[in-house]
Amino acid sequence: MSTEQTQNNHDMAEHKQLNSRLQECPIAIVGMASVFAESKNLAQFWDNIVESVNGIKDIPEDRWAIDDYYSADKKAADKTYCKRGGFLPEIDFDPMEFGLPPNILELTDITQLMSLVVARDVLNDAGISDESSYDRDKIGITLGVGGGQKQIGPLTSRLQGPVLDKVLKASGISEADRNMIIEKFKKAYIPWEENSFPGMLGNVIAGRIANRFNFGGTNCVVDAACAGSLAAIKMAVSDLLEYRSEMMISGGVCCDNSPFMYMSFSKTPAFTDGENIRPFDENSNGMMIGEGVAMIAMKRLEDAERDGDKIYSVIKGIGSSSDGRFKSIYAPRPSGQVKALKRAYADAGFEPLTCGLVEAHGTGTKAGDAAEFSGLRTLFSENNEQKQHIALGSVKSQVGHTKAAAGTAGLIKISLALHHKVLPATINVEQPNQNLDIENTPFYINNETRPWMPRADGIKRRAGVSSFGFGGTNFHIVLEEYKSKQTGRYRLNEVPQTIIISAQDKPALKECLSAWRTKLAVPADLQPYAFNALVTENPLLTPDTALARCGFVAKNAAQAVQAIEQILNQLSLDGSPAWSKPSGIYYRQSGIETDGKIVALFPGQGSQYVNMGRDLTCNFPSMLEMNALMDREFSEHGLRQLSAVTYPIPVFNAEERRAQEQSLRLTQYAQPAIGAFSVGLYKTFQQAGFKADFAAGHSFGELSALWAAGVVSDQDYMLLARSRGQAMAAPDDADFDAGTMIAVVGEPAKIAVDIQNIDDVSIANYNANNQVVVAGVTSQVLVAFAVLQAKGYKVVQLPVSAAFHTELVAHAQKPFADVIDSVEFKSPTIPVFANGTALAHANQADLIKNSLKKHILEAVHFSKKIENLYAAGGRVFIEFGPKNVLTRLVDNILQEKPDVTTIAVNANPKKSADLQLRLAAVEMAVLGVQLEEIDPYNALPRPTTAAKQSPLAMKLTGAAYVSDKTKKAFQDALNDGQTIAYKQPESSEKIIVKEV
């Protein structure tokens, strides 16, 4: 047995004794806060992650001048070859809020100031405010802080006067001129005063927070280089497990993107010479650094549950290790990293393969990523034959390597991923590094934000985060979701808001719109509050159908103003009682007539597409729940989860994408996938109070329509949808021809005549006044295709796997009928119009069953059915499902009829499904369809009024704060007119430098 194997066995034996600590007392994360590149707070950080925002940019002017320190030549002395990174945006800071006299601000390192803001926010997020009665004596703080702070730079620079004096003296400068130059030089830097020493110390970052917020628990910082924040969190967890504190604040801080830091990584060298960070990518060649401050609030899970706290996730295991003796102090060692991984999962008490997401250290360096992946592969492949089932990523691709804060950046990312049930994207990965052979490992690079579906075995979602540091220190923390389902206002990422503005009549509406335009035209800092007021005061529901109203969707004040201006312009030009614009702006003089009934339409096979509604499924638990229910139906029958086909793992070439599309085209997947999406959409609108008067579907969609009318339960619908798809799939017989289908544009009666002499084909779908679908034996359909095309018809091959509604799918009739008999049917709550008869189904459950057993083989008379629905009073036709096939057919069928409106909830597969749903909701509300809040999960909008600040309030960035007085003093010194006259040295006296 090797030494390493012996060590691993020892590790496992050791942790069998120790791992009960976290297993018996899990730790809940009850609050989080952060500032990172392009994000001022936690919500913006998550929003940027979900939206794949790249926060990397060129060095801002307020940090340092690129021309002073940059050179593309990697070997240039005292130059950095990197000029990009992640930089903090402007943050509101009021020194009076934190009891800081203005005169000490420039003596206080920016990390201390920024950390006060983040500490305040994490306490607020955890429910601890100034008014809170929580015992502050039982709160402690540990933070990861790296090396020295930026304030050391200017303070040390002031001490270089003697060196400068020697240089100037050797250059022949007189003593008076030397003194003048040195004094000017010193004016560029902050002075040494009483507060200079504490202002530059790393430990005072935690100490100042404990002082300001009156903590009585542990207060210290940890330096484990880039693993510092996970080291600090490990220490904080120990405090909780030992019952020394009731709440611990922990995390990491680094605002040092100074020339010193750039020089350090340039001369290692570790930086990329490209524009972006590409972890695990074929073209990755280095890292970039970022600024960041991030903190979490933790409590023992039992205490958090007792106190009714919001819980983001639960810490289940922590592992740490050292690399031991190795080739260099900073070279990554896979076997050392494996120790930390192994210890973390032993601590948690479960197998690594149960994780669905790993947030890697992932710096983007070739050697570092390869070493890390080697370690991950080693551990996660043990007793695990599954391939590509664990998402792998790194938030450094978006915010840079934030050094001591890096571990907490990753931990917050995976905690929010667990909270939102979302697998977040890692950006800038265009082709995974082929040397990793990732296809043959448990991992895949997740470069798309995707829904995180529940596991088939019911195990909770789990994730791990790694962080490694110079000096061979390694940490890995394992998290688990707290709840498998989310309810209420939980979602942090910003989404578009649905807004309805109504008034008594058109003139009053114009006045109201003008007033809102004025209210929104405020300074940038106040715009979010004005926008939130707009959203809060103009909800979706407009109960009085007599009111004039307009509606739009906007994400911020600028978008709202743009929409309002378009509406006002249109109202001044157009006298029509109603209109809608392609940009998503709707207006009506009054709502629909009371006798205008609503028809819910559900599409059939052919409308499906890979990743349909992916963003919706990420944002709406109602959508995720229906997909999860269908997954469970598949799993319980020993089948692969359907979501793996609907929302497949990312692929990186066209051939693989075509294969994914082809998989979803298979009947056994296409029909239930469309079903899960359709019922998810309908459930979402049902929760907002939507009620249809009629339901109808096309082919498979008839099953969805029966579900919408309450004929079958959710679970039975999933069974029927899966069973229908499986039954209609072609038998496993190479010689069996399931047939195919073509769409033909033309007069149905004439088409019927033109194909009557072609054997084994027939009209399967009468879709519209000028469209049918011809189906039959594949070879004969090809004949029909040629014949019809030759006669001038427009003919399109349909992406289907069989000739539905013909005898070629007769093999499915009996199996599906048996499943129908096994399910309980109820009387419909609303009329459901059938495909075969074009009439409403009977009210008796047994008659509906008998009808449904036959519909697989019957032609679809959709055109006649829509005409009958119109005759029954249907005026508003709303399509719940992928694409807009049915609403376009309705437009064709009823084009001569008055007062018809069609709305497709997901009309365009190339556009955001989430945005389209909100636009559809606005259009319905403007029309007069009764809807309440369409999005009860959104934690936004934020408060409608800004907190009052003192006159001393200012803006801070990651740049060191320098007062106007200091800036002016240096500027005055540079422009005071004092110059020198060159003078040769009086003697050849040798100047000896004793100490610098």
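Please read all numbers here as calculations on a predicted model, not as lab measurements. (Residues numbered from 1 in each chain as written. Predicted model: local features only at pLDDT ≥ 70, side-chain atom pairs only at ≥ 80, totals over all residues. Heavy atoms only, no water.)

## Focus: the overall build of the protein chain
Right, on to step 1. Counting secondary structure elements, the protein chain contains 35 helices and 30 strands.
Right, on to step 2. For the protein chain, whose C-alpha radius of gyration is 33 Å, the value lies close to the compact-globule estimate of 30 Å for 996 residues.
Right, on to step 3. Along the first, second and third principal axes, the C-alpha set of the protein chain runs to 115 × 80 × 60 Å.
Right, on to step 4. Evaluated residue by residue, the protein chain yields a buried proportion of 56% over its 996 residues.
Right, on to step 5. Put simply, of all contacts in the protein chain between residues at least 6 apart along the chain, 80% involve residues at least 24 apart.
Right, on to step 6. Total accessible area on the protein chain stands at roughly 40600 Å², and carbon and sulfur atoms take up 49% of it.
Right, on to step 7. If you average the places of the 99 positive and of the 114 negative side-chain charges in the protein chain, the two averages end up 2 Å apart. (Helix = DSSP H or I, 4+ residues; strand = E, 2+ residues; numbered from the N terminus. Rg over C-alpha atoms; globule rule 2.2 N^0.38 Å. Buried < 20%, exposed > 50% of the residue type's maximum accessible area, 1.4 Å probe, protein only. Contact = heavy atoms within 4.5 Å. Areas by Shrake-Rupley, 256 points an atom, 1.4 Å probe, with all protein chains shown as cover. Lys, Arg positive; Asp, Glu negative; His and termini not counted. Charge placed at Lys NZ, Arg CZ, Asp CG, Glu CD.)

## Comments concerning the sheet that holds strand β19 (residues 578-580)
Right, on to step 1. Reading across the sheet, the four strands line up as β17-β18-β20-β19 and stay open at both edges, with antiparallel pairing between neighbours. A strand with exactly one partner marks an edge of an open sheet, and here the two such strands are β17 (497-503) and β19. On average, each strand axis in the sheet is tilted by 10° relative to the strand beside it, whichever way the strands run.
Right, on to step 2. As judged from the seven bridges shared by β17 and strand β18 (residues 548-554), these two strands associate in the antiparallel manner. Opposite Gln 497, over in β18, you have Ala 554 as the bridge partner.
Right, on to step 3. Along the sheet, helix α18 (residues 506-520) contacts β17, β18 and β20 (586-588); its crossing angle with β17, the most-contacted strand, is approximately 135°.
Right, on to step 4. Most of the contacts of helix α20 (residues 557-573) go to β18, to which it runs at about 145°, and overall it touches β18, β19 and β20. (Pairing = 2+ DSSP bridges. Axes fitted to C-alpha atoms, helices over the stretch in contact; angles between N-to-C directions.)

## A short note on a nonpolar patch on the surface
Right, on to step 1. Together, Ile 329, Tyr 330 and Phe 470 make up a nonpolar patch on the protein surface, roughly 350 Å² of accessible area in all.
Right, on to step 2. Position of Tyr 330 relative to the elements: it lies in the loop between β9 (313-322) and α14 (334-348). (Patch = residues over 30% accessible without salt bridge, like charges linked within 9 Å, V, L, I, M, F, W, Y side chains within 5 Å. Salt bridge = Lys/Arg side-chain N within 4 Å of Asp/Glu carboxyl O.)

## Let's talk about the packing of helix α30 (residues 813-822) against helix α31 (residues 845-854)
Right, on to step 1. As a packed pair, α30 and α31 sit with axes 9 Å apart at the nearest point and diverge in direction by 160°. Taken together, the axis directions place α30 and α31 in an arrangement best described as roughly antiparallel. As for the relative orientation of α30 and α31, their crossing is right-handed in sense. Contacts from Gln 813, Phe 816, Ala 817, Ile 820 and Asp 821 of α30 reach α31 at Lys 849, Leu 852 and Lys 853.
Right, on to step 2. The residue makeup of the contact of α30 with α31, split by class, is four nonpolar, one polar and three charged. (Parallel < 35°, antiparallel > 145°, perpendicular 65-115°, else oblique. Left-handed = near helix turned anticlockwise from the far one by under 90°. Nonpolar A, V, L, I, M, F, W, Y, C, P; charged D, E, K, R; others polar.)

## Regarding the packing of helix α22 (residues 621-636) against helix α27 (residues 714-728)
Right, on to step 1. Across the interface, α22 lies against α27 with an axial gap of 9 Å and an inter-helix angle of 60°. Taken together, the axes of α22 and α27 lie oblique to each other. Once α22 is placed against α27, the crossing between them reads as right-handed. Where α22 approaches α27, its residues Met 626, Leu 629, Met 630, Arg 632, Glu 633 and Phe 634 are matched on the opposing element by Asp 714, Gln 715, Met 718, Leu 719, Ala 721 and Arg 722.
Right, on to step 2. When the residues that make up the contact of α22 with α27 are grouped by side-chain class, the tally is seven nonpolar, one polar and four charged.

## Thoughts on helix α28 (residues 748-755)
Right, on to step 1. Among all positions of α28, only Pro 748, Ile 751, Asp 754 and Ile 755 are buried. Viewed along the axis of α28, the buried residues span an arc of 120°, placing them on a single side of the element. (Arc of directions from axis to C-beta.)

## Re the pattern of salt bridges
Right, on to step 1. In this structure the tally under the stated criterion is 41 salt bridges.
Right, on to step 2. The salt bridge partner of Asp 58 is Arg 84, with a shortest N-O separation of 3.2 Å. Here Arg 84 lies in strand β3 (residues 84-86) and Asp 58 lies in strand β2 (residues 56-58), a separation of 26 residues in the sequence.
Right, on to step 3. With relative accessibility at 37%, the residue Asp 58 sits in the partly exposed group.
Right, on to step 4. Note that Asp 437 and Arg 377 form a salt bridge whose closest N and O atoms lie 3.7 Å from each other. Here Arg 377 lies in helix α15 (residues 366-380) and Asp 437 lies in the loop between β12 (422-423) and β13 (443-445), a separation of 60 residues in the sequence.
Right, on to step 5. Put simply, Lys 299, Arg 300, Asp 303, Arg 306, Asp 307 and Asp 309 are held in one network by salt bridges that share partners.

## A few points about the state of the cysteines
Right, on to step 1. If you walk through the whole model with that rule in mind, you get zero disulfides.
Right, on to step 2. Free of any disulfide, Cys 220 has its nearest cysteine sulfur in Cys 254, 18 Å distant.
Right, on to step 3. Unpaired in this structure, Cys 550 has its nearest cysteine sulfur neighbour in Cys 512, at a distance of 7.9 Å.
Right, on to step 4. A relative accessible area of 0% means that Cys 550 is categorised as buried. (Disulfide = S-S within 2.5 Å.)

## Thoughts on the side chain of Thr 354
Right, on to step 1. Among the structural elements, Thr 354 can be located in the loop between α14 and β10 (357-359).
Right, on to step 2. Under the relative-accessibility criterion, Thr 354 is labelled buried at 8%.
Right, on to step 3. There is a polar contact of 2.7 Å between the side chain of Thr 354 and the backbone oxygen of Glu 351.
Right, on to step 4. Among the polar contacts made by the side chain of Thr 354, one reaches the side chain of Arg 462 at a distance of 2.9 Å.
Right, on to step 5. Sequence-distant contacts of Thr 354, defined by excluding residues within four places in its chain, comprise Arg 455, Ile 459 and Arg 462. (Polar contact = N/O pair within 3.5 Å; in protein donor to acceptor, adjacent residues only side chain to side chain.)

## Some points on the environment of Asn 757
Right, on to step 1. When you line up the elements, Asn 757 lands in the loop between α28 and β24 (761-768).
Right, on to step 2. Using a relative accessible area of 68% as the deciding quantity, one classes Asn 757 as exposed.
Right, on to step 3. Sequence separation between Asn 757 and Gly 202 is 555 residues; the distance between their C-alpha atoms is 88 Å.

## A word on the sheet that holds β24
Strand-to-strand pairing in sheets goes through backbone hydrogen bonds, with the strands running parallel or antiparallel.
Right, on to step 1. Spatially, β24-β25-β23-β26 is the arrangement adopted by the four strands of the open sheet, whose pairing is antiparallel. In this open sheet, the two strands that pair with only one neighbour each are β24 and β26 (794-797). Put simply, the sheet's adjacent strands are angled 25° from each other on average, direction ignored.
Right, on to step 2. Pairing of β24 with strand β25 (residues 771-776) involves six bridges; the strand directions are antiparallel. Its bridge partner lying in β25, Asn 765 is registered against Val 773.

## Examining the nonpolar core
Right, on to step 1. The biggest cluster of nonpolar side chains holds 93 residues, and the ones touching the most others in it are Phe 685, Phe 690, Phe 825, Phe 880 and Met 924.
Right, on to step 2. The residues touching Phe 880, leaving out its near neighbours within four places in the chain, are Ala 600, Leu 601, Phe 602, Pro 603, Ser 678, Leu 681, Tyr 682, Phe 685, Phe 690 and Val 905.
Right, on to step 3. Of all hydrophobic cores here, the second largest spans 53 residues; its members include Phe 36, Ile 233, Val 399 and Tyr 444. (Core = buried A, V, L, I, M, F, W, Y, C linked by side-chain atoms within 4.5 Å.)

## Section: the pairing of strand β8 (residues 292-300)
Right, on to step 1. When you tally the buried positions in β8, you get nine out of nine residues, the bulk of the element.
Right, on to step 2. Burial of β8 is two-sided: the residues Gly 292, Ala 294, Ile 296, Met 298 and Arg 300 facing one way and the residues Val 293, Met 295, Ala 297 and Lys 299 facing the other way are all buried.
Right, on to step 3. Bridge count for strand β7 (residues 247-254) against β8 is seven bridges, and the pairing is antiparallel. Pairing of Met 248 across the sheet is with Met 298, part of β8.

## Considerations on the packing of aromatic side chains
Right, on to step 1. With the rule as written, the count across this model stands at 28 aromatic pairs.
Right, on to step 2. For the pair Trp 64 and Tyr 69, a centre-to-centre distance of 5.5 Å together with 85° between the ring planes defines the contact as edge-to-face.
Right, on to step 3. Look at Trp 64 and Tyr 262: their rings are 5.2 Å apart centre to centre, the planes differ by 70°, and that puts the pair in the edge-to-face class. Here the residue Trp 64 occupies a position in the loop between β2 and α4 (66-69), and Tyr 262 occupies one in helix α12 (residues 259-266), the gap between them amounting to 198 residues.
Right, on to step 4. When its relative accessible area of 0% is taken as the criterion, Tyr 262 is described as buried. (Phe/Tyr/Trp six-rings, centres within 6.5 Å; stacked < 30°, edge-to-face > 60°.)

## Examining the environment of Gly 739
Right, on to step 1. Summarising the element assignment, Gly 739 is placed in the loop between α27 and β23 (740-745).
Right, on to step 2. Residue Gly 739 is classed as buried on the basis of its relative accessible area of 8%.
Right, on to step 3. C-alpha of Gly 739 to C-alpha of Glu 807: the two residues are 68 residues apart in sequence and 9.8 Å apart in space.
Right, on to step 4. Apart from the residues lying within four places of it in its own chain, the contact partners of Gly 739 are Gly 776, Val 777, Thr 778, Ser 801, Ala 802, Ala 803 and Leu 808.

## Considerations on the confidence of the model for the protein chain
Right, on to step 1. Confidence in the prediction for the protein chain averages 92 pLDDT; 96% of positions are at 70 or higher.
Right, on to step 2. Taken together, the stretch residues 10-19 has pLDDT below 50 and engages in nine contacts with residues farther than four places along the chain or on a different chain. (pLDDT = per-residue confidence, 0-100.)

## With respect to the pairing of β7
Right, on to step 1. Most of β7 is tucked away: eight of the eight residues are buried.
Right, on to step 2. Of the two faces of β7, the one holding Met 247, Ile 249, Gly 251 and Val 253 and the one holding Met 248, Ser 250, Gly 252 and Cys 254 are both buried throughout.
Right, on to step 3. Here seven bridges tie strand β5 (residues 139-145) to β7, and the two strands are oriented parallel to one another. Bridging from a neighbouring strand, Thr 142 pairs with Ser 250 of β7.

## Considering α15
Right, on to step 1. Along its 15 residues, α15 runs 21 Å from first to last C-alpha, staying within 8% of the 21 Å computed at 1.5 Å per residue.
Right, on to step 2. Every buried residue of α15 is listed here: Gly 368, Asp 369, Ala 371, Glu 372, Phe 373, Gly 375, Leu 376, Leu 379 and Phe 380.
Right, on to step 3. Buried residues in α15 make contact with α14, β10, β11 (390-393), β13 and β15 (462-469). (Expected span 1.5 Å × (residues − 1).)

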